[in-house]
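What the coordinates show
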Amino acid sequence: MPDVHIGMDPPPGSFLFFLQARAAFTDNDEFVTLRDDLAEHVYGKRGEYLAPYL
Amino acid sequence: MGPIPPFRRYAAASPSPPSTPNSASDEEANADENASADETVAAVLVARSVAVSTALRARIGGAHLPRAYVGSVPGRRANRDRDFEGGMRRIMADFLGLDGNEPVYDEATFERRFRVPRVVFERIFADIKDGPFWRQTFNATGRPQAYALQKLVAAFRVLAFGETYDRADEYVRLSKATIEICVKKLLDFLNTRYQPEYLRQPTKTELTAIMERSAARSLPGCIGSLDCSHWEWRGCPKALAGQYMSRKKRRTIVLETICDHDLYIHNLFVGAPGSHNDLNVLGQYPLYMDMMDGTWPPKDLPYTVNGRTRTMPYYLTDKAYHKYPVFLSCYAKPATRKQRIFNRLQEAVRKDVERLYGVLTSRFHMLLRPSRFTTVPQMIKAVKAMAILHNMIVSERRGYFLCNRRVSAAAMARDGGGRSDDGMESGGVGGGVASPPTLGSAAAGGDDAAGCGGGGGDHGGIGSDEVGGGVAATPTLGSAAAGGDDPVGRGGCAGHGGVVHTQLEPLPGG
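Residues numbered from 1 in each chain as written. Chains lettered and ligands numbered in written order. Predicted model: local features only at pLDDT ≥ 70, side-chain atom pairs only at ≥ 80, totals over all residues.

Let's talk about the overall build of chain A
Our working definition: Only DSSP runs of H or I reaching four residues or more are called helices, and only runs of E reaching two or more are called strands; each is numbered from the N terminus. Put plainly, a residue is buried at 20 or more neighbouring C-beta atoms within 10 Å of its own, exposed at 12 or fewer, and partly exposed in between, counting only other residues' C-beta atoms, which are placed from the backbone.
Within chain A one finds 3 helices and 0 strands. Of the regular secondary structure in chain A, the N- to C-terminal order runs α-α-α. A burial count over chain A gives 17% of its 54 residues as buried.

Re helix α10 (residues 286-293) of chain B
Given 3.6 residues to a turn, an α-helix orients residues that are three or four positions apart in the same direction. Put simply, the rule reads: Directions drawn from the helix axis to the C-beta atoms are what define this arc. Once C-beta atoms have been placed from the backbone, residue pairs whose C-beta atoms lie within 7 Å are recorded as contacts.
Within the sequence span of α10 of chain B, burial applies to Leu-287, Tyr-288 and Met-291 of chain B. Down the axis of α10 of chain B, the smallest arc covering the buried residues is 100 degrees, so these residues share one side. Along α10 of chain B, the residues that are exposed and aim more than 90 degrees away from the buried face are Pro-286 and Met-289 of chain B. The secondary structure elements touched by the buried residues of α10 of chain B are α1 (15-25) of chain A together with β3 (265-273) and α9 (278-284) of chain B. Just past α10 of chain B, the residue Gly-294 of chain B takes up positive phi, approximately 85 degrees.

Observations concerning the domain arrangement of chain B
All names here are of chain B. Defined as follows: Domain start and end points were adopted from an automatic or database domain assignment. Under the scheme applied here, ten amino acids are nonpolar (Ala, Val, Leu, Ile, Met, Phe, Trp, Tyr, Cys and Pro), four are charged (Asp, Glu, Lys and Arg), and all others, including Gly, are polar.
On domain assignment, one finds that chain B holds domain 1 (84-197) and domain 2 (204-492). Listed per partner, the contact involves 18 residues of domain 1 and 19 residues of domain 2. Mapped onto the side of domain 1 that touches domain 2, the elements with two or more residues apiece are α3 (107-114), α4 (118-128), α5 (148-161) and α7 (176-198). With 5 residues, the single largest contributor to the side of domain 1 that touches domain 2 is α7. Tallied by class, the residues present in the side of domain 1 that touches domain 2 amount to 12 nonpolar, 3 polar and 3 charged.

Topic: the nonpolar core
All names here are of chain B. Worth spelling out the cut-off: Definition of nonpolar core: a set of buried Ala, Val, Leu, Ile, Met, Phe, Trp, Tyr and Cys residues joined via C-beta atoms within 7 Å.
Counting residues in hydrophobic clusters, the biggest one holds 107 residues, and the most contacted among them are Ala-154, Ala-155, Tyr-315 and Met-386. Shared between two domains, this core takes at least three residues from each, and those domains are domain 1 (84-197) and domain 2 (204-492). Not counting the four nearest positions on each side in its chain, Tyr-315 is found in contact with Ile-223, Gly-224, Ser-225, Leu-226, Ile-258, Val-326, Phe-327 and Leu-328.

Considerations on the environment of Gly-399 of chain B
Residues and elements named next belong to chain B. In this structure, Gly-399 sits in the loop between α13 (376-397) and α14 (402-415). On the neighbour-count criterion, Gly-399 (22 C-beta atoms within 10 Å) is buried. For the pair Gly-399 and Asp-262, spaced 137 residues apart in sequence, the C-alpha separation works out to 9.8 Å.

Looking at the sheet that holds strand β6 (residues 314-316) of chain B
Residue and element names in this part refer to chain B. This is how it is decided: At least two bridges found by DSSP between two strands is the condition for calling them paired.
Taken together, 5 strands build an open sheet; the order of strands is β3-β2-β1-β6-β7 and the sheet is mixed. The sheet terminates laterally at β3 and β7 (327-328), the two strands that pair on one side only. Bridge count between β6 and β7: 2 bridges; the pairing is parallel. In the sheet register, Tyr-315 faces β7, and the bridge partner there is Phe-327.

Brief notes about the environment of Ser-329 of chain B
Residue and element names in this part refer to chain B. Relative to the assigned elements, Ser-329 resides in the loop between β7 and α11 (337-363). Classification of Ser-329 by C-beta neighbours within 10 Å gives buried; the count is 22. Separated by 61 residues in sequence, Ser-329 and His-390 have C-alpha atoms that sit 27 Å apart. If we skip the residues at most four places from it in the chain, Ser-329 touches Thr-317, Asp-318, Lys-319 and Tyr-321.

See the structure below:
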């Protein structure tokens with residue numbers, strides 16, 4: 001997937017819009033970052049979050 | 001073959017032109033020769049056509065085939081006198097009360113028999129009773145036919161118990177053919193009438209509520225859980241057997257569902273062949289196309305995790321799905337304690353969708369048993385209709401779920417309202433939108449939205465091993481959790497006041 005760098009947001013429905021949306025949707029690095037952030041977030045409040053399950 | 005009938009020669013339609021006297025004898029001779037040749041050819045053609053048609057009839061056994069429609073002819077079997085009025089009286093006496101008497105069965109039994117609470121049943125009945133098929137009609141002899149309530153009860157029994165069309169004849173007094181039509185008409189009606197209201201994409205308000213609730217359950221930005229299940233297709237044609245053969249060697253179709261913490265179904269995709277795995281089904285999912293096009297999910301719902309603000313919400317999935325930011329799965333091989341805790345919580349929240357399949361199959365046994373429909377569109381229609389009924393029930397009841405009651409009570413306590421836990425009218429969760437949880441009530445994760453804990457046994461293709469974390473669901477509202485024969489959360493129905501019962505049409509002479 002090519003990186004799309006453009007100065008302004010493309011109009012919805014345009015080819016660049018689809019390209020950017022697809023790139024954002026299939027971003028594996030973002031997935032890893034999100035999961036790591038969530039793991040960090042959960043770990044910080046693990047006592048509160050795990051309480052109903054223990 | 002019988003004797004060939006003599007060929008009859010018809011006169012020409014237009015008179016032939018007058019002939020000259022000199023050539024009269026020659027022309028007569030030629031005409032006689034031509035006539036004899038025509039007669040021979042015609043006789044041969046007639047004999048051949050008779051022989052061919054006789055052979056064809058003998059080959060296909062046409063002489064013994066019944067005609068498709070015979071109409072009112074002597075010897076045709078008369079309709080059975082089923083006593084429609086007697087059947088209607090029994091139904092009313094059992095569930096609605098007749099002649100000033102209390103109904104025989106209470107609310108709990110009503111819901112166990114029809115798998116929907118009375119308020120939902122009566123709403124459907126009120127909407128459907130004047131329909132052209134459902135209202136009572138008179139046949140050609142002037143005899144009154146079945147009542148709308150009888151037809152609706154028969155259709156609900158088929159949905160509820162997955163029984164054959166003939167089974168309810170002894171109670172509702174309707175023929176097998178009529179009950180089959182009733183079921184198909186009811187599925188059509190539910191799809192056309194209620195789908196825009198009960199099976200649609202969530203609005204931004206609803207998404208915001210879901211995200212706030214998910215944040216209270218440790219996962220900010222989550223807008224539901226996504227998973228697949230299978231429904232066995234017994235009536236699958238042999239020609240399609242290979243295509244619809246699942247990995248468990250059964251012919252199935254796939255259901256892909258997105259639900260929230262209240263088990264409200266927000267999206268449903270049915271009909272993919274059972275041989276497809278989760279990723280193949282996802283590739284056909286219209287919602288997935290919308291995601292690829294950037295039209296879903298909405299980008300104007302920001303949330304913050306670990307100090308970073310993001311705009312793309314996500315669904316919880318299992319490890320089979322793509323590693324995309326919109327499908328959040330757990331760590332395949334957790335190495336640290338942090339990752340193990342995250343996996344535990346992710347699986348605990350994601351089990352909502354696993355519970356959904358348990359609730360659906362426990363409630364509507366048509367989904368529990370192999371489908372007898374012969375076409376995929378009929379199965380799609382049936383699944384959607386049952387999802388709509390399920391959503392109608394959740395909409396009626398979600399304010400009474402234990403998790404929502406806790407949230408409401410906590411919110412009231414925090415705001416200084418001083419209301420007790422029973423102040424359900426202040427719950428503010430009904431109407432299709434869950435109230436934003438203002439307390440960090442992670443208890444929502446373990447609460448059972450519909451009184452059915454976990455998988456509900458073997459319900460076709462739902463691997464209970466996928467329900468991670470070993471977290472037991474808490475049965476709510478005194479309902480027996482996940483009873484195979486017990487509908488969902490019925491304990492909460494009886495006392496839910498303010499229900500105005502629909503007035504049913506009076507019986508003649510009753």
